[in-house]
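A closer look at the structure
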Amino acid sequence: MEKVRSSAGLLHTKSPLRRTWFNRVFAVTYLIPICALMYHHCHNIITSTDQLTKRNTIIFLVADSILAFMWITRQAFRISPIRRQVFPENLTEDEREYPALDVFVCTADPYKEPPIGVVNTVLSLMAYDYPREKLSVYVSDDGGSQLTLFALMEAAEFAKHWLPYCKKHDILDRSPEAYFTLQTNFGFPETGAAAKYDQIKVMYERMKLRINEVVDRGSIHGYVTDEEVLRTFAIWHNTPGFTPKNHPTVIQIIMESASEKDESGDRMPNLVYVSREKKKSTPHNYKAGALNVLLRVSATMTNAPLVLTQDCDMFSNDPKTPLRALCYFMDPGMDPNLALVQFPQIFHGINKDDIYNAELREMLVNNILGMDGLLGPPYMGSGGFFRRQALFGTPVSHIPPQPSEISPRHVINKSMHSAEILALAHHVGGCNFEVQTEWGSEMGFRYGSLVEDFNTGYRMQCQGWRSVFCNPMRPAFLGSSPITLHDVLNQSKRWSMGLLDIIFSRYNPLFFGVRFMNPLQAFCFGHYALWPILSIPLIIYSSLPQLALIDPSRAIFPKATDPWLFFLYVFLFLGSYAQHLLEYVTFGSTAKRWWNSQRVWMMRSLSSFPFALIEYILERWGLSSFGFNVTSKVLDSEQSKRNAECIFEFGVPSPLFVPINVAAIINLWAFLHGIKQVITGNEIFGDVFVQMFLAGFGVLNCWPIYEAMLLRTDKGKMPLKMTFVSTFLAWLVYLISSSAF
């Protein structure tokens with residue numbers, strides 16, 4: 001292990017995880033029984049004379065082959081995981097040497113992403129411990145809403161008091177909502193500090209009230225009377241047919257650092273509102289398109305060499321985060337091809353047992369440490385600091401954009417308010433600007449997938465760029481997570497659709513990626529991209545053994561009295577689960593959270609993944625059109641209460657619940673039937689143990705579903721319609737399987 005003290009003057013260090021060798025040894029050991037199981041299946045297919053047995057064996061060979069392949073690709077994460085540590089105190093004290101930073105914040109719907117939440121994110125970013133004249137915040141409003149612009153204008157005035165307050169008292173929680181929520185019994189050493197605290201809090205509450213009142217009204221008119229302010233919103237009323245999907249480019253410079261000062265007389269950061277031009281006839285490429293517009297608009301105004309992208313619900317939790325990123329970008333010994341410093345996505349408001357696996361620890365931390373030991377983590381869509389240059393070609397081949405004023409090498413020497421700058425900014429924000437250009441393919445954030453973050457990071461690494469993972473003790477950002485199962489499954493379905501776009505494109509990581517990057521890194525990207533195919537083995541293992549248990553004539557698993565095969569299955573099952581549990585616990589989580597994570601993984605595999613596969617096929621055949629659905633950030637008080645009590649939230653009659661309901665019913669039916677058969681002597685327990693174990697394991701995982709169907713009376717219970725439909729389909733599945741097998 002590399003041991004370096006901060007006093008040595010280094011900006012960062014890295015060290016391998018201690019269990020790396022254990023992972024490698026276990027991988028080799030575990031591979032042996034996988035090969036034995038594959039041999040067993042193939043041998044049975046070749047030698048069996050019973051057609052039913054042969055058919056069942058082929059089905060399980062498909063299921064086990066997929067699980068084995070996904071396990072093999074997953075080992076790439078465990079080959080060389082590392083941890084990094086940064087020492088921002090060793091950065092130069094001359095802030096004039098710090099590069100300028102442009103921050104991009106994206107929002108799309110003021111009713112699903114409340115403006116007061118956007119405001120808190122923006123204020124937390126504006127309050128960074130960073131030279132303010134070098135800091136610019138650009139907000140992309142894909143909803144084209146005057147409500148969002150009004151909220152940002154209110155925030156700009158409040159920021160003139162909030163920023164100096166944070167600086168003077170060295171506040172860590174620089175999202176006002178988070179700060180005032182957590183603040184209790186706070187004592188200030190300075191005279192008059194408590195009074196200032198009360199004053200700032202009153203100012204924030206008044207701002208919050210004004211913003212929420214305007215959102216409730218749906219318009220600023222009738223609420224705002226200042227003629228000068230109303231002129232700012234004239235475009236909404238002077239443009240016929242202005243809608244979120246059909247409107248001209250709207251750019252409003254809310255604050256320019258050169259002319260705006262806070263109450264202490266210090267300069268303020270730049271704050272710019274951008275709503276790109278939209279036409280129903282022109283593809284807008286979702287979030288990637290919005291980010292590319294911000295990339296171009298910011299290039300006309302500030303053109304900072306560093307760019308931070310941020311979701312509107314992910315507020316800053318550490319004011320020194322940009323300095324931590326600089327520990328990599330300013331290190332002369334760092335790889336010159338470094339393009340991205342990625343911080344993890346950490347979520348607040350998760351209940352103590354994390355029943356929805358909202359922390360996504362395996363995906364967002366554990367696996368990322370493994371990729372960091374190879375070529376670096378993927379771009380996660382938020383919390384990523386980019387070198388602007390890296391978005392314009394490869395490390396050895398720069399793609400000059402047109403016009404040259406948006407090149408990362410262009411130097412800005414005019415005011416943001418100048419007519420020339422504003423005209424160019426509106427031009428590059430137009431929806432036809434990218435026609436017949438390389439934007440979205442070789443330049444900027446990449447198109448072609450709903451998971452634009454994954455796609456962009458992957459494609460940049462194929463071009464030769466590198467990334468690092470910065471995971472400080474204090475989370476750099478905190479965001480909101482879904483608090484209903486429907487939102488969790490719908491979000492996973494959207495991700496899966498985007499991953500399928502990549503896997504069925506020419507940029508498939510397993511065919512294209514392996515030619516341009518470390519094969520292990522390509523396996524990591526391939527593992528993520530192939531997530532949806534996990535639905536196939538999960539559907540098989542959650543239904544076929546159980547249906548066979550209901551029909552005594554169809555035993556399809558080895559008996560407990562057959563020790564070789566029985567212990568082979570036991571080792572494969574326990575080995576996989578034990579390693580997964582060990583990873584969770586050693587990374588600071590709990591066994592209960594691990595249990596809930598594997599439960600939700602099963603739910604995703606039975607619901608989100610197959611729905612994504614079906615919808616993707618229908619879309620390819622032109623029978624369906626999938627759009628980008630923004631996950632709602634609006635909190636319902638009753639839902640929040642149930643979430644805090646670790647109670648699953650169903651509530652809505654969604655087809656996403658049907659597959660998991662059907663699986664729950666079949667497993668319970670099979671388990672009870674198996675118990676009955678053993679008690680009555682119709683079955684020998686050892687003969688059906690494996691099938692009963694699988695059914696019982698399914699019942700244990702589905703317990704929240706049974707509660708929601710039969711025991712609960714609150715609004716979060718399973719809708720009766722879904723229960724009836726699922727019961728009928730479970731019965732139908734049994735009839736079909738009985739006739740087929």
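Since this is a predicted model, take the numbers as computed values, not measurements.

Definitions and cut-offs
Residues numbered from 1 in each chain as written. Predicted model: local features only at pLDDT ≥ 70, side-chain atom pairs only at ≥ 80, totals over all residues. Heavy atoms only, no water. Helix = DSSP H or I, 4+ residues; strand = E, 2+ residues; numbered from the N terminus. Buried < 20%, exposed > 50% of the residue type's maximum accessible area, 1.4 Å probe, protein only. Contact = heavy atoms within 4.5 Å. Lys, Arg positive; Asp, Glu negative; His and termini not counted. Charge placed at Lys NZ, Arg CZ, Asp CG, Glu CD. UniProt positions renumbered as here; feature names shortened; annotations may be inferred. Core = buried A, V, L, I, M, F, W, Y, C linked by side-chain atoms within 4.5 Å. Expected span 1.5 Å × (residues − 1). Bend = angle between axes of the 7 residues up to and from the residue. Pairing = 2+ DSSP bridges. Patch = residues over 30% accessible without salt bridge, like charges linked within 9 Å, V, L, I, M, F, W, Y side chains within 5 Å. Areas by Shrake-Rupley, 256 points an atom, 1.4 Å probe, with all protein chains shown as cover. Salt bridge = Lys/Arg side-chain N within 4 Å of Asp/Glu carboxyl O. Axes fitted to C-alpha atoms, helices over the stretch in contact; angles between N-to-C directions. Phe/Tyr/Trp six-rings, centres within 6.5 Å; stacked < 30°, edge-to-face > 60°. Parallel < 35°, antiparallel > 145°, perpendicular 65-115°, else oblique. Left-handed = near helix turned anticlockwise from the far one by under 90°. Polar contact = N/O pair within 3.5 Å; in protein donor to acceptor, adjacent residues only side chain to side chain.

**Quick word on the overall build of the protein**
A count of helical and extended segments in the protein gives 25 helices and 13 strands. Across its three principal directions, the C-alpha atoms of the protein cover 85 × 60 × 55 Å. Per-residue burial over the protein gives 58% buried out of 741 residues. Considering only contacts within the protein whose residues lie at least 6 apart along the sequence, 81% involve residues at least 24 apart. Distance between charge centroids for the protein: 4 Å, based on 67 positive and 66 negative side chains.

**Notes on unusual backbone geometry**
Each neighbour pair has its own omega, and for Gln-402 with Pro-403 the value is 0°, a cis peptide bond. With respect to the secondary-structure elements, Pro-403 resides in the loop between strand 11 (384-387) and helix 12 (419-428). Phi is positive for Asn-285, which is not a glycine, with a value near 60°. If you trace the backbone, Asn-285 turns up in the loop between strand 6 (270-275) and helix 9 (286-301). If you check the backbone angles, Gln-436 has positive phi at about 60° while not being a glycine.

**Looking at the UniProt feature "transmembrane region" (unreviewed entry) in the protein**
Sequence positions flagged by UniProt for "transmembrane region" (unreviewed entry) are, in local numbering, residues 21-39, 59-77, 525-544, 564-587, 656-672, 684-706 and 718-736. Split by type, residues 59-77 is 84% helix and 0% strand. Its first and last C-alpha atoms lie 29 Å apart.

**Observations regarding the nonpolar core**
Residues Met-126, Trp-162, Leu-271, Val-341, Phe-385 and Phe-477 are the most contacted members of the largest nonpolar core, which totals 117 residues. The biggest single contributor to this core is helix 4 (residues 146-169), with 13 residues. In this structure, Tyr-577, Val-658, Val-688 and Met-722 belong to the second largest nonpolar core, which totals 43 residues.

**Brief notes about helix 23 (residues 685-701)**
Here helix 23 spans 22 Å end to end across 17 residues, near enough to the 24 Å set by a 1.5 Å rise per residue. Taken as a whole, helix 23 carries its principal kink of about 40° at Gln-691.

**Looking at the side chain of Asn-661**
Inspection of the secondary structure assignment puts Asn-661 in helix 22 (residues 658-679). The residues touching Asn-661, leaving out its near neighbours within four places in the chain, are Ile-705, Met-709, Met-718, Met-722 and Ser-726.

**A look at helix 22**
In this model helix 22 runs 32 Å from its N-terminal to its C-terminal C-alpha over 22 residues, within 8% of the 32 Å that 1.5 Å per residue would give. Where helix 22 terminates, the next one or two residues include Gly-681, which has phi positive at roughly 85°.

**Side note on the sheet that holds strand 13 (residues 477-480)**
The three strands are arranged 8-13-10 in an open sheet whose pairing can be described as mixed. With one partner strand each, in any of the chains shown, strand 8 (315-316) and strand 10 (346-348) form the two edges of the open sheet. Where strand 10 meets strand 13, three bridges bridge the pair, whose relative direction is parallel. Opposite His-348, over in strand 13, you have Ser-480 as the bridge partner.

**What to know about a nonpolar patch on the surface**
The grouping of Trp-669, Val-725, Phe-728, Leu-729, Trp-731, Leu-732, Leu-735 and Ile-736 at the surface amounts to a nonpolar patch, some 680 Å² of accessible area in total. For the nonpolar patch, the leading source of residues is helix 25 (residues 720-740), giving seven residues. Of note, Leu-732 is situated in helix 25. By relative accessible area, which is 32% here, Leu-732 ends up partly exposed.

**A word on the pattern of salt bridges**
Taken as a whole and judged by the stated rule, the model has 33 salt bridges. Asp-142 is paired through a salt bridge with Arg-276; the nearest N and O atoms lie 2.7 Å apart. Here Asp-142, found in the loop between strand 4 (135-141) and helix 4, pairs with Arg-276, found in the loop between strand 6 and helix 9; they are 134 residues apart in sequence, far enough to count as distant. Here Asp-142 and Arg-276 have matching classes, each one buried.

**A word on the sheet that holds strand 7 (residues 306-311)**
The strand order across the open sheet formed by eight strands is 5-6-4-3-7-11-9-12, and the pairing between neighbours is mixed. Each edge of the open sheet carries a strand with a single partner, namely strand 5 (250-255) and strand 12 (466-469). Pairs of neighbouring strands in the sheet enclose a mean axial angle of 20°, with direction left out of account. Where strand 7 lies against strand 11, four bridges are found, and the strand directions are antiparallel. In the strand pairing of strand 11, Thr-309 is matched with Gly-384.

**Comments concerning the UniProt feature "binding site: UDP-alpha-D-glucose" (unreviewed entry) in the protein**
Following the UniProt record, one finds the feature "binding site: UDP-alpha-D-glucose" (unreviewed entry) at Lys-112, Glu-113 and Asp-142. Sequence-wise these annotated residues cover 31 residues; spatially they are packed, their C-alpha atoms never more than 12.4 Å apart. With respect to the element layout, Glu-113 can be found in the loop between strand 3 (101-107) and helix 3 (115-126). Given the relative accessible area of 9%, Glu-113 is considered buried. Assessed through its relative accessible area of 13%, Asp-142 is described here as buried.

**Quick look at the packing of aromatic side chains**
Under the counting rule described, the total for this entry stands at 53 aromatic pairs. Through pairs of rings, three or more aromatic residues link up here, namely Phe-566, Phe-567, Phe-573, Tyr-577, Trp-594, Trp-595, Phe-685, Phe-689, Phe-693 and Phe-697.

**A word on the packing of helix 9 against helix 12**
Helix 12 packs onto helix 9 with a crossing angle of 170° between their chain directions and a minimal axis gap of 9 Å. If you check the angle between helix 9 and helix 12, you find them roughly antiparallel. Crossing handedness for the pair helix 9 and helix 12: right-handed. Counting all contacts with helix 9, which are made through Arg-296, Val-297, Thr-300 and Met-301, the residues of helix 12 involved are Ile-421, Leu-422, Leu-424, Ala-425 and Val-428.

**Points about the environment of Phe-150**
Counting through the fold element by element, Phe-150 comes out in helix 4. For the pair formed by Phe-150 and Thr-49, sequence separation is 101 residues and the distance between their alpha carbons is 75 Å. Once you skip the residues sitting within four places of it in the chain, Phe-150 turns out to touch Arg-210, Ile-211, Val-214, Ile-220, Tyr-223, Val-224 and Phe-233.

**Thoughts on the side chain of Ser-124**
Along the chain, the position of Ser-124 falls in helix 3. Look at Ser-124 and you get buried, because its relative accessible area is 1%. Looking at Ser-124, its side chain comes within polar contact range of the main-chain nitrogen of Ser-316, at 2.9 Å.

**Notes on the environment of Val-62**
Locating Val-62 in the fold gives a position in helix 2 (residues 51-74). Distance in space between the C-alpha atoms of Val-62 and Thr-92 is 58 Å, their sequence separation being 30 residues.

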